Each structure stands twice: as C-alpha cells, then as structure tokens.
Amino acid sequence: MVDDLGIGDLGCYGNNSLRTPNIDQLAKEGVKLTHHIAAASLCTPSRAAFLTGRYPVRSGIAGHIRPGVFLFNAASGGLPSQEITFAKVVKQQGYETALIGKWHLGLNCNSDDHCHHPNNHGFNYFFGIPLTNLRDCQPGHGTVFQFHKYLPYRTMGIVLLTAVVLHYSGVISIGRRLILSLMFLVLLVTGLAVVFIMVVPYLNCILLRDHSIVEQPYKSENMTQRMIHEAVDFIERNSHRPFLLLFSFLQVHTAIFASAAFRGTSRHGIYGDAVQEVDWSVGQLMETLDRLSLREKTLVYLTSDQGAHLEEISARGDVHGGSNGIYKAGKSTNWEGGIRVPGILRWPGKIPGGRQIDEPTSNMDLFPTVVQLSGASVPEDREIDGHDLMDLLQGRAESSKHEFLFHYCNANLNAVRWHPQNSSSVWKAFYFTPNFYPEDKKACFHTLACFCTPDYVTFHDPPLLFDLSKDPSESTPLTPDTEPAFHFVLATMKEAVKMHQRSLKPVENQLSPANLMWKPWLQPCCSTVTQLCQCQLYQ
C-alpha cells in the first residue's frame with residue numbers, strides 16, 4: 001500500500017513522464033483494476049476499511065470534526081480491538097504475519113498499553129511508524145499544524161491596537177494593566193504555538209520495532225531501503241511456510257523524501273523521485289519472491305490508500321502533489337480523484353495475466369478475498385461490505401458484486417455510487433461537495449485539504465448526479481432535461497441509503513475530540529522528557 005499515490009502517477013495507468021517499470025510489469029503479468037475505489041479519501045479511515053472489509057463508520061473511524069485522522073501518537077483513539085482484520089484471521093490459520101511501514105490506526109488506550117498496536121490486530125511483527133509521515137518529521141518542510149490559519153491572531157491584534165489608539169486619543173480610558181494583559185495574552189498564545197511546533201517532531205516522529213522504540217525522532221533518509229531490508233528478511237525467514245506481509249510505504253505522503261540514489265532522477269522533482277523509489281522497492285520485493293521460488297505461490301496486491309494530495313506545497317513553494325489523471329480533485333474529497341486508486345493483483349497460474357477489469361471494486365474487497373484464500377470463513381457476526389474478488393479475477397464472473405457503494409466524508413454520507421445489474425452505467429450522486437479555492441484548481445489550497453464541515457461545503461438538493469461510464473471526470477452534472485432516468489436513479493439511491501443506514505450500529509467514535517487530543521500520559525518516550533525523548537537505537 002502506497003501512501004497518497006495518484007492513479008495518474010503510474011505508467012500502466014497512462015503516465016508517460018514517470019518511470020515505473022516494476023509496477024507496470026506487475027500489471028502486465030496480473031490484472032489491472034480501473035474502477036478500484038478506496039473506502040475513504042483519508043489515510044486512517046481508508047486503512048481501517050481495507051483491513052476489516054467494512055465501511056470505517058462501522059468501526060467508529062469516522063468523526064464529525066476535522067481533520068478526520070490521528071495527528072498524535074498520544075491520542076487514545078484507534079482501531080477497536082473487537083474489529084477483525086484479515087491479518088488476525090490468517091494468523092489463526094497458521095500464517096506468519098508482518099506489517100512493515102505506516103500504521104496510522106492508533107497506539108494506546110488508557111496507559112502505555114499499546115491496545116491499538118498492530119501486534120494486537122493480527123500482525124506478529126511490526127517495523128514502522130504508528131502515526132504517519134508528517135511534514136514536521138523533516139526539518140525545513142513546515143508543519144501540518146497551521147495555527148496561523150485558525151487562531152484569531154488578527155482579531156487579537158486589532159483589538160489590542162484599537163484599545164491603545166482609543167486610550168491615547170482620549171475616547172475611552174483603559175487601565176494600563178488591561179493593555180499589558182492583552183499584550184501578554186497575544187505573546188503567550190504565540191509562544192505556546194511556536195514551542196508546540198518545535199516539540200512536535202520529538203513526540204510524533206517515532207520508529208518502532210514491535211513494542212520498542214528504535215528511533216525518536218526517526219530519520220527519513222534511507223528509510224525506504226531500511227524497510228525493504230526488513231521485508232526481504234521477513235520473506236526469507238518465512239519462505240517455507242505460509243505468510244502474509246503488508247508493506248505500507250511512508251512515501252509518497254509529505255514530508256516528501258527520496259533516498260540519495262533516487263534524488264534528481266525524475267522529471268517531477270522530489271515527488272517523482274519518491275514515486276520511482278517506490279517502484280524500485282516493488283521490484284526488490286518481486287525479485288525476492290522469484291529468488292525464493294515463491295512467484296507462483298504468492299498473491300501480490302498493489303494499491304494506494306487514497307488519491308494524490310493536490311494541495312501539498314512545500315515550505316519553499318514547491319508542488320509536492322501527484323497526479324490523479326483524468327479524475328477530478330484529490331485526497332480528502334469523494335470526487336473520483338480522491339478515491340479512485342490503482343489496483344493491481346498478480347498470481348501466476350491462478351489469475352490470468354494481462355487483463356483489465358473495469359467493474360467497480362473496493363479496497364474493502366481484500367478482506368473477504370484474503371480470508372477465504374487462507375481457508376477461513378468470512379465472519380457472520382458483523383456486516384462485511386467487501387466482496388471476494390476471485391471469481392472476477394479468474395474470469396468466472398463478469399460483473400462486480402458491488403451494486404451500491406457509499407462514500408463518507410468523516411461520518412457524513414457524502415455520495416452514493418450505483419452500478420445496476422446488466423447495465424454499463426455507473427451512477428454517482430453527491431449530497432454535498434467541497435468548496436474549492438481557487439475555484440478553477442479543483443482543490444482546497446486555503447486549508448491544505450478539503451473539509452466536510454458545513455462552512456466548507458455546498459449542499460445539493462436535488463443531489464448532483466453523474467454517469468461515470470460517460471463522464472468519468474465528473475465535469476457535467478445531469479439534469480431531468482438531459483437524463484430521462486434522473487428522478488428514478490435518485491429515488492433508487494435514496495432507498496439504498498435507507499437500507500444501508502439501517503445496517504449501522506452505534507459504536508464509540510474513535511475520532512472524537514477526546515480521542516484525538518494529545519494526552520501526556522500516553523506519550524511514547526524512549527529517554528526522558530528533559531532529553532525531549534530522543535534516542536537512536538536502530539541496528
């Protein structure tokens with residue numbers, strides 16, 4: 001799983017300016033899914049859905065406030081222990097399991113208990129970061145905590161200046177103590193924000209091996225090579241037994257980085273360099289399978305957790321976002337550019353190679369596919385929203401089992417997709433859409449990511465309706481005048497939404513303010529607070 005990789009970043013999906021020969025070869029030897037949908041447009045909920053085969057709203061990984069992902073290692077929210085991941089199932093079937101790379105599904109609950117740790121969700125071995133690769137984790141890349149955009153500095157400054165002017169002009173009399181208090185308040189808020197931003201890398205940028213911290217803060221230089229070394233070592237150790245490896249790239253999420261051997265090798269700056277390092281890494285894993293004679297025994301799946309992040313601009317003003325091809329917008333939206341992602345599966349001798357499937361599929365489909373291939377049964381005590389892909393991949397079925405797909409922005413139902421049986425149409429209706437800024441950029445540069453709170457969206461009644469089979473770029477909404485079935489399609493979707501919502505059960509909100517906030521007693525620290533928790537123990 002690549003992080004924030006756009007579908008338009010790969011040669012096999014139409015890119016002709018980035019070199020991705022290893023991923024392109026994977027697609028040539030396997031099946032390429034062209035209508036592969038992430039269950040969410042942000043990292044945390046998308047990864048929860050991928051691992052469990054369930055819409056993230058079912059596990060409480062869908063909040064009502066921005067940002068909709070975890071921003072602190074010392075938050076108490078995470079993937080609930082009662083959720084069943086495909087790793088947990090295959091581990092019970094005798095598979096050795098590992099997660100190498102990014103987790104981003106929580107760490108602790110009430111103390112240093114690691115209740116949300118990958119080890120508690122079926123992964124025997126973990127080497128990676130519990131959070132995500134934040135801008136703050138690389139010097140010179142700025143910060144994700146844009147306090148200056150949300151704290152009322154301007155208002156506080158205007159109030160202070162107005163009070164001083166009115167006082168000295170004789171209009172009103174304000175005590176010197178009040179003026180000094182206002183000045184102190186402005187300086188205090190500014191100082192706390194500066195200190196917080198300086199300390200964040202020491203709190204959030206942590207590299208773990210299982211439950212032990214090996215670097216705090218971690219160094220991104222050569223991180224991908226280090227993780228590939230861990231992955232190859234895991235495959236070699238387990239080449240004579242069943243195994244499941246989830247390699248979860250830190251790239252190409254900001255802060256963008258590339259190892260020395262790849263810097264300056266692409267036509268698209270550091271972002272392109274990072275994509276090409278990802279491709280090299282895929283090649284290393286495939287070579288390892290070949291060397292150990294595991295090619296015909298191994299199902300390989302490659303995807304991205306959501307679309308490219310178009311608003312990523314470095315502290316120096318460099319564009320660090322990728323390409324979503326012909327698809328509109330990007331990460332943090334449910335336009336196609338935010339959720340239509342690469343989907344490549346290869347299994348020589350089991351899945352016919354060189355094929356392309358245009359039917360709607362979801363990253364939630366990996367759960368039932370992996371579970372049933374391991375010899376286990378899909379759990380019947382809960383709603384599973386994914387469908388086994390094997391019939392589609394092996395040519396026994398021509399149509400997807402997904403008639404409806406529901407697209408959430410945080411905990412809000414944002415859009416619905418309907419692929420009627422025996423029809424080539426794929427209808428998609430939006431109940432609200434993000435307000436782009438600037439409007440012609442199809443992105444939200446004023447907030448660095450699009451939000452779905454009321455102040456940042458436009459609601460639509462009737463909903464915006466598109467037929468993706470004819471308008472995949474979602475450029476022209478349909479109307480009753482241009483589409484005779486307009487009202488019928490929306491009515492059918494409305495009934496499907498009612499049925500879907502009846503299937504939802506109340507769960508704890510893992511992304512509530514209380515579960516998102518930083519809690520000092522949950523902060524991982526491998527040295528002392530006076531040393532800012534620093535350590536370098538990696539070997």
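The rules we used
- Numbering of residues starts from 1 in each chain and follows the order in which that chain's sequence is written.
- The model is predicted, so local features are restricted to residues of pLDDT at least 70 and side-chain atom pairs to those at 80 or more, both for listing and for counting; the totals for chains, interfaces and linings are taken over all residues.
- Side-chain measures here rest on the full set of heavy atoms in the structure, leaving out hydrogens and waters.
- Angles shown run from 0 to 180 degrees and are taken between the N-to-C directions of axes, each axis being a line fitted to C-alpha atoms and, for helices, limited to the stretch in contact.
- The numbering of helices and of strands both runs from the N terminus, where a helix is a DSSP run of H or I of at least 4 residues and a strand a run of E of at least 2.
- The scheme is simple: roughly parallel for angles under 35 degrees, roughly antiparallel for over 145, roughly perpendicular for 65 to 115, oblique for anything else.
- Take the far helix as your reference; a near helix turned counterclockwise from it by less than a right angle gives a left-handed crossing, and one turned clockwise gives a right-handed crossing.
- Only heavy atoms enter the contact rule, under which two residues are in contact if any of them lie within 4.5 Å.
- Nonpolar residues are Ala, Val, Leu, Ile, Met, Phe, Trp, Tyr, Cys and Pro. Charged residues are Asp, Glu, Lys and Arg, and all others, Gly as well, are polar.
- Buried means the residue's accessible area, taken with a 1.4 Å probe over protein chains only, is under 20% of the maximum for its type, while exposed means over 50%, and partly exposed covers the values in between.
- For two strands to count as paired, DSSP must find a minimum of two bridges between them.

Next up on the list: the packing of helix 7 (residues 223–237) against helix 8 (residues 269–291). For the pair helix 7 and helix 8, the least separation of the axes is 10 Å and the interaxial angle reads 15 degrees. The pairing of helix 7 with helix 8 is recorded here as roughly parallel in orientation. Note that helix 7 runs across helix 8; the crossing there is right-handed. Along its contact with helix 7, which presents Thr224, Gln225, Ile228, Ala231, Val232, Ile235 and Glu236, the element helix 8 presents Glu277, Trp280, Ser281, Gln284, Leu285, Thr288, Leu289 and Arg291. The residue inventory of the contact of helix 7 with helix 8, partitioned by class, reads seven nonpolar, five polar and three charged.

Another aspect to go through is the environment of Phe406. The topology assignment puts Phe406 in strand 12 (residues 404–409). In this structure Phe406 comes out as buried when scored by relative accessible area, which is 7%. In the structure, Phe406 is positioned 367 residues away from Ala39 in sequence and 8.1 Å away in space, judged by C-alpha atoms.

Among the seven residues of strand 13 (residues 412–418), six are classified as buried, and the element is accordingly described as predominantly covered. Joining the antiparallel neighbours strand 12 and strand 13 is a turn of two residues, in which Asn410 adopts a positive phi near 55 degrees. Note: strand 13 against strand 14 (residues 427–434), four bridges, orientation antiparallel. When the bridges of strand 14 are listed, Arg417 appears paired with Lys428.

Before going further, it helps to examine the pairing of strand 14. When you tally the buried positions in strand 14, you get seven out of eight residues, the bulk of the element. The sheet contact formed by strand 14 and strand 15 (residues 457–467) spans seven bridges and is antiparallel. Paired with Phe430 across the strands is Leu464, a residue of strand 15.

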